[in-house]
Amino acid sequence: MTFVQLIDCRTSRLDDMNRLMDEWVEKTRGKRTATHAVVGTDRSDATHVIEIVEFPSYEEAMRNSKLPETDAIFREMLALCDGMPTFTDLDVVRDEPLQAATARRFFDTIAVQGPLPPLNDLLAENYHDHDPANEQDTLGLDNMRREIEMWRSAFDYTFTAEDQITQGDRVCTRWTWHGIQTGEFMGLPNTGRQVSMSGTTVFRFDGHGKIREGWWQYDRLGLLGQLGALDALEN
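Remember, predicted model here, so these are calculated numbers, not experimental data.

### Some details on the sheet that holds strand E1 (residues 3–10)
Two modes of strand pairing occur in sheets, parallel and antiparallel, and in both the strands are linked by backbone hydrogen bonds.
For step 1, the next point in the chain: Pairing is antiparallel in the open sheet, where four strands are placed in the order E2-E3-E1-E4. Either end of the sheet is taken by a strand with one partner, and the two such strands are strand E2 (36–42) and strand E4 (86–91). On average, each strand axis in the sheet is inclined to that of its neighbour by 20°, with strand direction left out of account.
For step 2, the next point in the chain: Two strands pair when backbone bridges link them, and E1 and strand E3 (residues 45–55) are joined in this way by eight bridges, in the antiparallel orientation. Bridge pairing links Phe3 to Phe55 in E3.
For step 3, the next point in the chain: Running over the sheet, helix H2 (residues 58–65) touches E1, E3 and E4 and is turned about 115° from E3.

### Remarks on empty space enclosed by the protein
For step 1, the next point in the chain: Considering all chains together, one arrives at two cavities of 30 Å³ or more under this definition.
For step 2, the next point in the chain: Space inside the largest cavity adds up to approximately 200 Å³.
For step 3, the next point in the chain: Along its surface, the largest cavity is lined by 14 residues, and Ile110, Asp131, Trp151, Phe159 and Trp216 are the ones closest to its centre.
For step 4, the next point in the chain: Residue contributions to the lining of the largest cavity peak at four residues, all from helix H5 (residues 141–154).
For step 5, the next point in the chain: Residue composition of the lining of the largest cavity, by class: 11 nonpolar, no polar and three charged.
For step 6, the next point in the chain: Size it by volume and the second largest cavity reaches roughly 60 Å³.

### Overview of the pattern of salt bridges
For step 1, the next point in the chain: Enumeration over the complete set of coordinates arrives at 13 salt bridges.
For step 2, the next point in the chain: The shortest N-O distance in the salt bridge between Asp45 and Arg10 comes to 2.3 Å. Within this pair, whereas Asp45 is found in strand E3, its partner Arg10 is found in strand E1, the two being separated by 35 residues in sequence.
For step 3, the next point in the chain: When salt bridges with common partners are traced through the structure, they connect Arg13, Asp16 and Arg19 into a single cluster.

### A look at the packing of helix H1 (residues 14–27) against helix H3 (residues 68–80)
For step 1, the next point in the chain: Orientation of H1 relative to H3, taken along the N-to-C sense of each, is 175°, at an axis distance of 10 Å. With respect to H3, the element H1 is oriented roughly antiparallel. Residues Asp16, Met17, Leu20, Glu23, Trp24 and Lys27 of H1 lie in contact with H3, whose contacting residues are Glu69, Thr70, Ile73, Glu76, Met77 and Leu80.
For step 2, the next point in the chain: Grouping the amino acids of the contact of H1 with H3 by side-chain chemistry returns six nonpolar, one polar and five charged.

### Describing the environment of Thr176
For step 1, the next point in the chain: Relative to the assigned elements, Thr176 resides in strand E8 (residues 170–181).
For step 2, the next point in the chain: Sequence spacing of Thr176 and Ala161 is 15 residues, and the spatial spacing of their C-alpha atoms is 6.6 Å.
For step 3, the next point in the chain: If we skip the residues at most four places from it in the chain, Thr176 touches Thr158, Phe159, Thr160, Glu162, Met197 and Ser198.
For step 4, the next point in the chain: Of the polar contacts made by the side chain of Thr176, one reaches the side chain of Glu162; its length is 2.8 Å.

### Some details on the confidence of the model for the protein chain
The predicted structure's coordinates, where accompanied by low pLDDT, should not be read in detail.
For step 1, the next point in the chain: Taken as a whole, the protein chain shows an average pLDDT of 92; of its residues, 97% reach a score of 70 or greater.
For step 2, the next point in the chain: When the elements of the protein chain are averaged for pLDDT, helix H7 (residues 231–234) gives the smallest value, 59, and strand E10 (residues 211–218) the largest, 98.

### Let's talk about the side chain of Thr201
For step 1, the next point in the chain: If you trace the backbone, Thr201 turns up in strand E9 (residues 194–205).
For step 2, the next point in the chain: Given the relative accessible area of 0%, Thr201 is considered buried.
For step 3, the next point in the chain: Discounting chain neighbours no more than four positions away, the residues touching Thr201 are Phe107, Val171, Cys172, Thr173, Trp175, Trp215 and Trp216.

### Brief notes about the pairing of E9
For step 1, the next point in the chain: The sheet contact formed by E8 and E9 spans 11 bridges and is antiparallel. Considered in E9, the bridge of Gly179 is made with Val195.
For step 2, the next point in the chain: In terms of strand pairing, E9 meets E10 through seven bridges, oriented antiparallel. Bridge pairing in E10 places Arg204 opposite Glu213.

Calculation rules
All residue numbers here refer to positions counted from 1 along the written sequence of the relevant chain. With pLDDT at 70 or above as the cut-off, local features in this predicted model cover only qualifying residues; side-chain atom pairs require 80 or more to be listed or tallied, and sums for whole chains, interfaces and linings still use all residues. To get the side-chain values, take all heavy atoms of the structure and skip hydrogens and water. Strand pairing is defined by DSSP finding a minimum of two bridges between the two strands. Helix and strand definitions follow DSSP, with helices as H or I runs of at least four residues and strands as E runs of at least two, each counted in order from the N terminus. Here an angle of 0 to 180 degrees is reported between the N-to-C directions of two axes, which are lines fitted to C-alpha atoms, with helices fitted over the stretch in contact. Only heavy atoms enter the contact rule, under which two residues are in contact if any of them lie within 4.5 Å. Lining residues are defined by having an atom within 4 Å of a point belonging to a cavity or pocket. Those points lie on a 1 Å grid over the protein atoms alone, cavities being sets where a 1.4 Å probe fits but cannot get out and pockets being open sets with protein on both sides within 12 Å along at least five of seven lines. Grid points are joined across faces, edges and corners, and a volume is the space filled by probe spheres set on the points. When residues are grouped by polarity, Ala, Val, Leu, Ile, Met, Phe, Trp, Tyr, Cys and Pro land in nonpolar, Asp, Glu, Lys and Arg in charged, and all others, Gly among them, in polar. The term salt bridge refers to a pairing of a side-chain nitrogen on Lys or Arg with a carboxyl oxygen on Asp or Glu at a separation within 4 Å. Working rule for angles: under 35 degrees goes down as roughly parallel, over 145 as roughly antiparallel, 65 to 115 as roughly perpendicular, anything else as oblique. Each polar contact in these results corresponds to two N or O atoms within 3.5 Å; when the atoms are within protein, one needs to be able to donate a hydrogen and the other to accept it, and residues that are neighboring in sequence are counted only if both atoms are side-chain atoms. For every residue, the predictor states its confidence as a pLDDT score lying anywhere from 0 to 100. We call a residue buried when its accessible area falls under 20% of the maximum for its residue type, exposed when it is over 50%, and partly exposed in between, using a 1.4 Å probe and counting protein chains only.

So this is what it looks like as structure tokens:
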């Protein structure tokens, strides 16, 4: 179970505190068990500082606290604080990466049978799509809908999200796509073939939680080969 520790303190020397944390990161390289750290200041009181440190488990947190480097840095941190900091130990019972969930919902939504649902709750109106298979980027929600409809008119398909990585305002999804050709695609007649391909998409989110920009990489050449478009070349 993931474990989180909250360190609540007051200090008028935040810059020194940050330099101290940088020193700890450097000195514990290859030793520390902490996986993520966030430092925040109270908007109504800049001297009120909270640090949130994440560990794989409580046991790993205890192992981290026993490092001599951690003990030395902690004593220096006390000298920077206005009073004794308080510690809150939390077992994480729910961890919901909301942007990753929205990215998965996008892939599920564009693969549903029947009319394409509205995408207004997923994509920003000024969405910007980068697809190396297109000569020009796709700009705007309406144009992206037309791009999606092109694929939906040619295939019945599904996406499987294999892996996701979230960093800041970006979510990277490695996916597998399975489809059956049901219509013309890039001038190729309907073959009725079952096809598949793999790819990766990076989405950037705006401040409202909607997808603002997307970058696609996928095996389009392999897909064309499965549809027979490369048979003449191979012969």
